[in-house]
Amino acid sequence: GTERQMAGKDKKNALQEMGPEVQVTTLGTFQLKIEDAVIKDDLSRSRRIWNLLAYIVTHRDKNIPQEEFIDLLWPDEDIVNPANALKTLLYRTRVTLLPGLGPEINLILSQRGSYSWNNTMPCKVDAEVFAELAQRAADKKLPADQRMALYKDAVDLYKGDFLPKLADQLWVIPLSTYYHGLYVQAAIEYAALLKAAEKYAEMAEVCSNAVRIEAYDERLHGLLITALMRQGKNVAALNHYETATELLYRNLGVRPSAELRALYQEIMKEQQSLETDLGVIQEDLRETAARSGAFVCEYGFFREAYRLEVRRAARQGSCVHIALLT
């Protein structure tokens, strides 16, 4: 009995020495979860606290000199005693974390003019897990079903861009760009695999989530339109085509690519055989005609409307004028 008690005590001491796992969320928001305690970046209004904490978590494999922290936290400010200001901020950080963690847990260690993450506590960062999953899924030597499973886990993790409340920080920008690009590519490749497997509902969901995060990638819009069409949702596909082409033109000045125009033509061919109830058609036309403002359309449709107007003008003996505004 005594031996079992000693063994249990040794195991408990080993666990305490190792520390509980810290689960860090950086995609879409910033929070730390340790057992039942959750610390979110809305607990304090001080961005410097969360900037410090996010930086030390991201660079937890090294000791960070206090000069590096001072340059990070006060880049354009001339403060009298920067070392003391840093110590004060570290104290405020620990006070912010204290209600959730308790005094026995110390996440930040200080030694000889530098600071580091307490690596006796295992740490899992969602962005790093996401990147590993996406990179593994990109291996085309793996079976398609295994790649799809990896991609699903990866895109499900990506709730938004890296540290959005710190998006203007110079050290965050390259990491955010990297993870964002990796997510877009993962979503595109995952959607292509789902298309090949004829899993169109899942494909539409993946693409719909992706265009909320990256609204200006034409490939994602094309895949979403395709997924809707393959489910027989041609009206939804046409609506998204119109929304996407207007968004791309208004914000980027980009006209629809040949691929998107081909999808549009495919939708229109399908639409011709969908509805045979004249009453339904008239009601749809009535609602369309009631829209206010200028009539805006993509070039393929404009070309057909122009041909119609030219023929009407020829019959009536009038002329048609065309103008280009740039």
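Residues numbered from 1 in each chain as written. Predicted model: local features only at pLDDT ≥ 70, side-chain atom pairs only at ≥ 80, totals over all residues. Heavy atoms only, no water.

**Student:** How would you summarise the confidence of the model for the protein chain if you had to cite specific residues and measurements?
**Tutor:** Scored by pLDDT, the protein chain comes out at a mean of 85, with 86% of its residues at no less than 70. In the model, residues 7-16 has pLDDT below 50 throughout and makes zero contacts with residues more than four positions away in sequence or in other chains. (pLDDT = per-residue confidence, 0-100. Contact = heavy atoms within 4.5 Å.)

**Student:** So, the side chain of T226: which residues are in play, and what are the values?
**Tutor:** Position of T226 among the secondary structure elements: in helix α9 (residues 218-230). Setting aside residues up to four positions removed in sequence, T226 forms contacts with K195, M203 and L263. (Helix = DSSP H or I, 4+ residues; strand = E, 2+ residues; numbered from the N terminus.)

**Student:** Residue-level account of the sheet that holds strand β6 (residues 114-117), with values.
**Tutor:** On the basis of which strands lie adjacent, the open sheet formed by three strands has the order β4-β6-β5 and antiparallel pairing. Here the strands that pair on one side only, and so sit at the sheet edges, are β4 (64-65) and β5 (108-111). One ladder, built from two bridges, connects β4 with β6; its direction is antiparallel. By the bridge assignment for β6, P65 is matched with S114. Of the strands in this sheet, β4, β5 and β6 touch helix α2 (residues 47-58), which is tilted by about 70° from β6. (Pairing = 2+ DSSP bridges. Axes fitted to C-alpha atoms, helices over the stretch in contact; angles between N-to-C directions.)

**Student:** Explain a nonpolar patch on the surface to me, using residue names and the numbers behind them.
**Tutor:** A grouping of Y299, F302, Y306, V310, V320 and I322 is seen on the molecular surface, where their side chains present a nonpolar patch of about 540 Å² in accessible area. Within the secondary structure, Y299 is located in helix α13 (residues 299-316). Residue classification places Y299 among the exposed positions, given a relative accessible area of 51%. (Patch = residues over 30% accessible without salt bridge, like charges linked within 9 Å, V, L, I, M, F, W, Y side chains within 5 Å. Areas by Shrake-Rupley, 256 points an atom, 1.4 Å probe, with all protein chains shown as cover. Salt bridge = Lys/Arg side-chain N within 4 Å of Asp/Glu carboxyl O. Buried < 20%, exposed > 50% of the residue type's maximum accessible area, 1.4 Å probe, protein only.)

**Student:** Pulling in residues and values, what's your account of the pairing of β6?
**Tutor:** The alternating pattern of β6 places S114 and S116 and Y115 and W117 on opposite faces, both of which are buried. Note that β5 and β6 share four bridges and pair antiparallel. Paired with Q111 across the two strands is S114, which belongs to β6.

**Student:** For the environment of Y179, give the residues involved together with the corresponding values.
**Tutor:** For Y179, the location among the structural elements is in helix α7 (residues 172-196). On the accessibility criterion, Y179 (9% relative accessible area) is buried. C-alpha of Y179 to C-alpha of F162: the two residues are 17 residues apart in sequence and 7.0 Å apart in space.

**Student:** How would you sum up the pairing of strand β1 (residues 22-25)? Please name residues and give values.
**Tutor:** If a strand is regular, its side chains alternate between the two faces of the sheet. Here β1 shows one buried face, formed by V22 and V24, and one open face, formed by Q23 and T25. Inspection of the sheet shows β1 paired to strand β2 (residues 31-34) by four bridges, in the antiparallel sense. Note on β2: the bridge partner recorded for V24 is L32. Following β1, the chain reverses through five residues before pairing antiparallel with β2; G28 in that reversal takes a positive phi of roughly 95°. Pairing analysis gives three bridges linking β1 to strand β7 (residues 123-125), with the strands arranged parallel. Each bridged residue has a counterpart across the sheet, and for Q23 the counterpart in β7 is K124.

**Student:** Could you give an account of the environment of P122, naming the residues involved and the relevant values?
**Tutor:** For P122, the location among the structural elements is in the loop between β6 and β7. Through-space distance from the C-alpha of P122 to that of V22 is 6.1 Å; in sequence the pair is 100 residues apart.

**Student:** Can you tell me about the nonpolar core, naming the residues and giving the values?
**Tutor:** Note that soluble globular proteins tend to have their nonpolar side chains buried in a common cluster. Counting 82 residues, the largest nonpolar core has F69 and L107 as its most contacted members. For this core, the leading source of residues is α7, giving twelve residues. Beyond its immediate chain neighbours, meaning those up to four positions away, F69 contacts L52, Y55, I56, I64, L86 and Y115. (Core = buried A, V, L, I, M, F, W, Y, C linked by side-chain atoms within 4.5 Å.)

**Student:** Quick one: what's the story with unusual backbone geometry, residue by residue and with numbers?
**Tutor:** One non-glycine residue, L163, lies in the positive phi region at around 45°. Its place among the elements puts L163 in the loop between α6 (144-157) and α7. For L163, a relative accessible area of 2% corresponds to the buried category.

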